[in-house]
Number of protein chains: 4
Amino acid sequence: MKVLRIFMIGDIVGRPGRTIIREKLLFLRKKYEVNFIIANGENAAGGNGITEKIAQELFISGVDFITTGNHVWDNKDIFNFIDTENRIIRPANYPNSPGKGYQIVQIGAGTKIGILNISGRTFMPPLDCPFKTADLIIQEMKNMTKVIVVDFHAEATSEKIAMGWYLDGRVSLVAGTHTHVQTADERILTNGTAYITDIGMTGPCNSVLGIEKERIINKFISQMPVRFEVAKGPAEINGIIVDIDESTGRALKIQRIREST
Amino acid sequence: MKVLRIFMIGDIVGRPGRTIIREKLLFLRKKYEVNFIIANGENAAGGNGITEKIAQELFISGVDFITTGNHVWDNKDIFNFIDTENRIIRPANYPNSPGKGYQIVQIGAGTKIGILNISGRTFMPPLDCPFKTADLIIQEMKNMTKVIVVDFHAEATSEKIAMGWYLDGRVSLVAGTHTHVQTADERILTNGTAYITDIGMTGPCNSVLGIEKERIINKFISQMPVRFEVAKGPAEINGIIVDIDESTGRALKIQRIREST
Amino acid sequence: MKVLRIFMIGDIVGRPGRTIIREKLLFLRKKYEVNFIIANGENAAGGNGITEKIAQELFISGVDFITTGNHVWDNKDIFNFIDTENRIIRPANYPNSPGKGYQIVQIGAGTKIGILNISGRTFMPPLDCPFKTADLIIQEMKNMTKVIVVDFHAEATSEKIAMGWYLDGRVSLVAGTHTHVQTADERILTNGTAYITDIGMTGPCNSVLGIEKERIINKFISQMPVRFEVAKGPAEINGIIVDIDESTGRALKIQRIREST
Amino acid sequence: MKVLRIFMIGDIVGRPGRTIIREKLLFLRKKYEVNFIIANGENAAGGNGITEKIAQELFISGVDFITTGNHVWDNKDIFNFIDTENRIIRPANYPNSPGKGYQIVQIGAGTKIGILNISGRTFMPPLDCPFKTADLIIQEMKNMTKVIVVDFHAEATSEKIAMGWYLDGRVSLVAGTHTHVQTADERILTNGTAYITDIGMTGPCNSVLGIEKERIINKFISQMPVRFEVAKGPAEINGIIVDIDESTGRALKIQRIREST
Ligand SMILES: [Fe+2]
Ligand SMILES: [Fe+2]
Ligand SMILES: [Fe+2]
Ligand SMILES: [Fe+2]
Ligand SMILES: [Fe+2]
Ligand SMILES: [Fe+2]
Ligand SMILES: [Fe+2]
Ligand SMILES: [Fe+2]
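Residues numbered from 1 in each chain as written. Chains lettered and ligands numbered in written order. Predicted model: local features only at pLDDT ≥ 70, side-chain atom pairs only at ≥ 80, totals over all residues. Heavy atoms only, no water.

Listed per partner, the contact involves 35 residues of chain A and 35 residues of chain B. The junction of chain A with chain B conceals about 3000 Å² of combined surface from both sides, 68% of it contributed by carbon and sulfur atoms. Remark: the boundary between chain A and chain B carries 0 salt bridges. The tally of links between chain A and chain B comes to 12 residue pairs in polar contact (both at pLDDT 80 or more). Every element with two or more residues in the side of chain A that touches chain B is listed here: helix H4 (130–142), helix H5 (157–167), helix H6 (213–222) and strand E12 (251–260) of chain A. Here the element with the most residues in the side of chain A that touches chain B is H5(A); it accounts for 7 residues. Classifying every residue of the side of chain A that touches chain B by side-chain character gives 16 nonpolar, 10 polar and 9 charged. (Contact = heavy atoms within 4.5 Å. Buried area = accessible area lost by both parts, 1.4 Å probe. Salt bridge = Lys/Arg side-chain N within 4 Å of Asp/Glu carboxyl O. Polar contact = N/O pair within 3.5 Å; in protein donor to acceptor, adjacent residues only side chain to side chain. Helix = DSSP H or I, 4+ residues; strand = E, 2+ residues; numbered from the N terminus. Nonpolar A, V, L, I, M, F, W, Y, C, P; charged D, E, K, R; others polar.)

Below is the structure:
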């Protein structure tokens, strides 16, 4: 049995998130003997979106592939490179947008990983149905590989868990992103799919989701617009490591990772 | 230094949740040498609300105090006993409702615990400001005890974390409920308040938030009304144990608890 | 030029709505020399949904065709007849539901009317895209008739007006329902489609959208659940009359109608 | 009996809205023999917010007083003058903001008009309770004048109508703004308060709420961010004229106004 070990990293927030990635990722790759690293980059550029330059910075730091989410369009630079850069995807259920929602990546000789990014709709914009979108794309990917990992970028725990059960046995991993808080419910579901509601974020710890806490508190109290700024101070990487049996696509193990500065 | 150990249990869902509480709680109280047990009971009656009979059942099972949330009014029996039963509270920021939003409980000789229940407003009904409500009530409680624990029943991680920082140093614990998924971000904040975004739920594991998964999946796909039913099968208790220095009200330790059937 | 005159009636609310329809509709049909009467029936059964018996009552009262909206599934009786009764439709963009979302009705010799019901998504459930759904169905209907009327059941004025412009020149009428308040913006758009943001409701005037006003006020202030009851007292019919050139499908005239008890 | 005639004008959108105001307002004031003109200015600066210069432009054009809404903070210039300019208010139920939510204006010898601006909460941010806020402020204003007009800036028809009934007999007028579509439900309620759900907007007619229609349609279909631009072409003024008995504060008459370029 050949085991593939994938490291999936939660939403990288701004410079502090990128810095800890640059400083720690190669060490973590070695320490955990990881075969492939996927990171969610929707907040990599100052908290909002991602630029080509920043994507390159993440690749150089050791990230192999970038997924995104609802913030993907925040920085307009995305439109300059999302159609040409093969290592970045956006939620597949945008009905009508540039870029791709999934990708098959070849690593080493013969091993292929399918990566799918979808967005939820509860408390979020009404994109195409994430469940039906997943059905169609997974069916297509199945022709090419048994190893499929899904970044389900969604707000509501109910929608995320529902997706986990819905895809159980059809994909190797359903990992939630977007809430920026790592959940403690990682497990292998009944039919072999690894699942976690949210893998958390990568950025400053003493913050609200990576943003300066005083500003967010002020916004909640005043209900007035506030200019968000990425917080300073110590950062952490949140993610998961999943072991997948390449021949079956079944997950063997899922463990949560947290690494601080 | 006298240390108070509080066990706080996440939303108990229906009969499976009540059953595991009845079977395991006295054992857990002993095992962890807990001084006081608080449980969120908003889903105790078939997933929706709570009745007087069920509240009594929980007390007999070892629960000392019940908090609730947005589902508190779902079962109309609540109106028969919420004004007379001192061991149950509802979110304090309901502007105009029966019952109380906080309580001071005396345990043993001299030790007093203040318990506050608040609801968030992001993706939830526009109750009174949870931050201002907390300010007012905590100020009042401070006259009576230094040990104050807060059940912040809210959906958005941003609002919950903001509340944690907002109350840091003023209360012993801010513990989130409502999303039914335990988070892995438990910690002691800078000024001594224990914090966790969500303590999870107590009920059937192979479900969506305690409800039969097929029904929820079907609802997400069809967008049609579905009658929810509490799921069957193995259950688990999710919660936290917090150690508090009685003389200062500061938290010393917070640990996540998960106990399965 | 043969002109077709269609009377479209806003959401009929409960018994008071049905009563004024029974008492006034035949008179109005005669007075305005109407060829076809469409009524939105989503609130006909006590404010929530519609039953087979009530649908029959409306047909006997002179309604030729019933459209619905988000409340269509509230009364479970709908599942007993929506698949067999040809004169009732539900929003076409429900992804997966019983019933039909559009219909072609033959009136007299040769005249055919296409009726399409769609639901908006802003502040409403994430059904399939109303714009794309409309595209597909209208293309199909165009093969059978040039006269197409659309009941766009939606909350947000922006989405409704956007749909009006989107379909301008492709259908005879885009009439909004759901807000229960008639708007004063009826007009013929640039390319010949008659448009109004909302045609209003048919039911008790001294109410909040047909419901007893004290209950609604109480709900807004307390944020607690309130059992809605249809209001009593004088009622009114709100609707529009549209004249359509049968040979081209273009609207010639749109006028608002209000008729009180 | 001395009758006061007030002209209230709906959300002025961008340059087209300001231009038609400058060109038509003095004529309308004369034609209708209006005593006082109130305009909602939340979209006066390019669709988003208002600046001091634009406020002055509106005053010079004949506007006596400016109300606002949720967009009031969009243009940061507001913070430079809202605390010093007495003729502009923002929703009174912002919990913690600069500026005032109501004002008493003296016109001529002895006549005083109280103007109150409130925001709804349904499908909008959770400000303080609009009903309780209105209670408190109206009680205070009642000591100074019987003539009170309310601009209730809200999305949901239910909340607006509920507010109308809630304040019926206590104020002279409850006029809705924010949806930018004039409603046809103007009336005098049972206890003498004039009411309309929305007075509409003042700006380009061939648009979606004043904005270029293609962009809005594109946004609904793609669910991607779109830069809004105020539309071009013919504009219209939407508003109402209300006659109030100064000695009692009761409304005598309410009529809708629409004036096109
Ligand atoms: Fe994110
Ligand atoms: Fe996100
Ligand atoms: Fe719950
Ligand atoms: Fe809840
Ligand atoms: Fe309706
Ligand atoms: Fe509706
Ligand atoms: Fe506006
Ligand atoms: Fe507005």
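Moving on from the coordinates now.
Residues and elements named next belong to chain D. Coordination of the iron ion (ligand 8) by the protein is provided by Glu42 (OE), Asn70 (OD1), His153 (NE2) and His178 (ND1), with metal-donor distances spanning 2.1 to 2.2 Å. Considering all 4 donor atoms around the iron ion (ligand 8), the spread of angles at the metal, 84 to 148°, places the coordination shape in the irregular class. In primary sequence terms, the donor set of the iron ion (ligand 8) follows E-x27-N-x82-H-x24-H. Taking the relative accessible area as the measure of exposure, asparagine 70 reaches 24% and is therefore partly exposed. (Donors = N, O, S within 2.8 Å, 3.2 Å for Na, K, Ca; no water. Tetrahedral: all angles 85-135°; square planar, octahedral: opposite > 155°, others 65-115°. Buried < 20%, exposed > 50% of the residue type's maximum accessible area, 1.4 Å probe, protein only.)

The next point concerns the packing of aromatic side chains. Inspection of every chain in the model, using the stated rule, returns 18 aromatic pairs over all chains. With a centroid separation of 5.2 Å and 80° between ring planes, the pair formed by B:Phe131 and B:Tyr166 is classed as edge-to-face. In this pair, B:Phe131 is assigned in helix H4 (residues 130–142) and B:Tyr166 in helix H5 (residues 157–167), connecting sequence segments 35 residues apart. Neither residue differs from the other here; B:Phe131 and B:Tyr166 are each classed as buried. Taken together, the ring pairs connect A:Trp73, A:Phe79 and A:Tyr94 into an aromatic cluster. (Phe/Tyr/Trp six-rings, centres within 6.5 Å; stacked < 30°, edge-to-face > 60°.)

On to the interface of chain C and chain D, then. Residue-level contacts link 35 residues of chain C with 35 residues of chain D. Of the roughly 3000 Å² buried between chain C and chain D on both sides combined, carbon and sulfur atoms contribute 68%. On the surface where chain C and chain D come into contact, there are 0 salt bridges. When residues of the side of chain C that touches chain D are traced back to their parent elements, those giving at least two are helix H4 (130–142), helix H5 (157–167), helix H6 (213–222) and strand E12 (251–260) of chain C. Broken down by element, the side of chain C that touches chain D gets its largest block of residues, 7 residues, from H5(C). Here the side of chain C that touches chain D is built from residues that sort into 16 nonpolar, 10 polar and 9 charged.

Below, the discussion takes up the coordination of the iron ion (ligand 2). Residues and elements named next belong to chain A. Around the iron ion (ligand 2), the protein supplies Glu42 (OE), Asn70 (OD1), His153 (NE2) and His178 (ND1) as donor atoms, at distances of 2.1 to 2.2 Å. For the iron ion (ligand 2), the 4 donor atoms in the first shell make angles of 85 to 148° at the metal, a pattern classed as irregular. Sequence positions of the residues that donate to the iron ion (ligand 2) give the spacing E-x27-N-x82-H-x24-H. Taken as a pair, the iron ion (ligand 2) and the iron ion (ligand 1) lie 3.5 Å from each other and share glutamate 42 as a ligand. Of this pair, histidine 153 sits in strand E6 (residues 148–153) while histidine 178 sits in the loop between strand E7 (173–177) and strand E8 (187–188), placing them 25 residues apart in sequence. Neither histidine 153 nor histidine 178 differs from the other in exposure class; each is buried.

A separate point is the packing of H6(A) against H5(B). Look at H6(A) against H5(B): their axes get within 9 Å of each other, and the N-to-C directions meet at 105°. As far as their axial angle goes, H5(B) and H6(A) are roughly perpendicular. Each of A:Lys213, A:Ile216, A:Ile217, A:Phe220 and A:Ile221 in H6(A) lies in contact with H5(B), whose residues at this interface are B:Ser158, B:Glu159, B:Ala162, B:Trp165 and B:Tyr166. A class-by-class count of the residues in the contact of H6(A) with H5(B) yields 7 nonpolar, 1 polar and 2 charged. (Axes fitted to C-alpha atoms, helices over the stretch in contact; angles between N-to-C directions. Parallel < 35°, antiparallel > 145°, perpendicular 65-115°, else oblique.)

Note on the identical chains: chain C maps onto chain D by a rotation of 180° and an axial translation of 0.0 Å, with an RMSD of 0.0 Å. Both copies of the chain, as the preceding transformation shows, are related through a two-fold rotation axis. When C-alpha positions in chain C are compared against the rotation axis, the closest is assigned to C:Thr183, at 1.9 Å. Most of the interface of chain C is mirrored in chain D, where 100% of its interface residues again form contacts. (Least-squares fit on C-alpha atoms with pLDDT ≥ 70 in both.)

Here the focus is helix H2 (residues 52–60) of chain A. Think of an α-helix as turning once every 3.6 residues; residues three or four places apart then point the same way. All names here are of chain A. Among all positions of H2, only Ile54, Ala55, Leu58 and Phe59 are buried. On an axial view of H2, the arc spanned by its buried residues comes to 145°, and they lie on one face. In this structure, H2 carries Lys53 and Ile60 as exposed residues pointing more than 90 degrees from its buried face. (Arc of directions from axis to C-beta.)

Here we take up the confidence of the model for chain A. Mean pLDDT over chain A: 97, with 100% of residues reaching 70 or higher. Confidence estimates for the predicted assembly give a pTM of 0.98 and an ipTM of 0.97. (pLDDT = per-residue confidence, 0-100.)

Residue and element names in this part refer to chain B. In space, the 6 strands of this open sheet follow the order E4-E5-E6-E7-E9-E8, with mixed pairing throughout. What marks the edges here is a single partner per strand, and that holds for strand E4 (102–107) and strand E8 (187–188). As judged from the 2 bridges shared by E8 and strand E9 (residues 194–196), these two strands associate in the antiparallel manner. Of the residues in E9, the one forming a bridge with isoleucine 188 is alanine 194. Sheet strands in contact with H4 are E4, strand E5 (111–119) and strand E6 (148–153), and its direction is about 170° off that of E5. Across the sheet, H5 lies against E5, E6, strand E7 (173–177), E8 and E9, angled at about 170° from E7, the strand it touches most. (Pairing = 2+ DSSP bridges.)

It is worth spelling out the UniProt feature "active site" (unreviewed entry) in chain A at this point. Residues and elements named next belong to chain A. UniProt tags His71 as "active site" (unreviewed entry). When you line up the elements, histidine 71 lands in the loop between strand E3 (65–67) and helix H3 (78–81). The contact partners of histidine 71, leaving out residues within four places of it in the chain, are Glu42, Asn43, Asn48 and Gly49. (UniProt positions renumbered as here; feature names shortened; annotations may be inferred.)

For side chains of opposite charge, pairing can occur when their charged atoms come near one another. Overall, the coordinates contain 53 salt bridges over all chains when judged by the stated rule. Of the charged contacts in the structure, one is a salt bridge between B:Lys160 and B:Asp198, with a shortest N-O distance of 2.7 Å. Highlighted residues: B:Lys160 in helix H5 and B:Asp198 in the loop between E9 and strand E10 (203–204), separated in sequence by 38 residues. For the pair B:Lys160 and B:Asp198, one class covers both residues: buried. Here the salt bridges share partners, and the residues they tie into one network are A:Arg18, A:Arg22 and A:Glu57.

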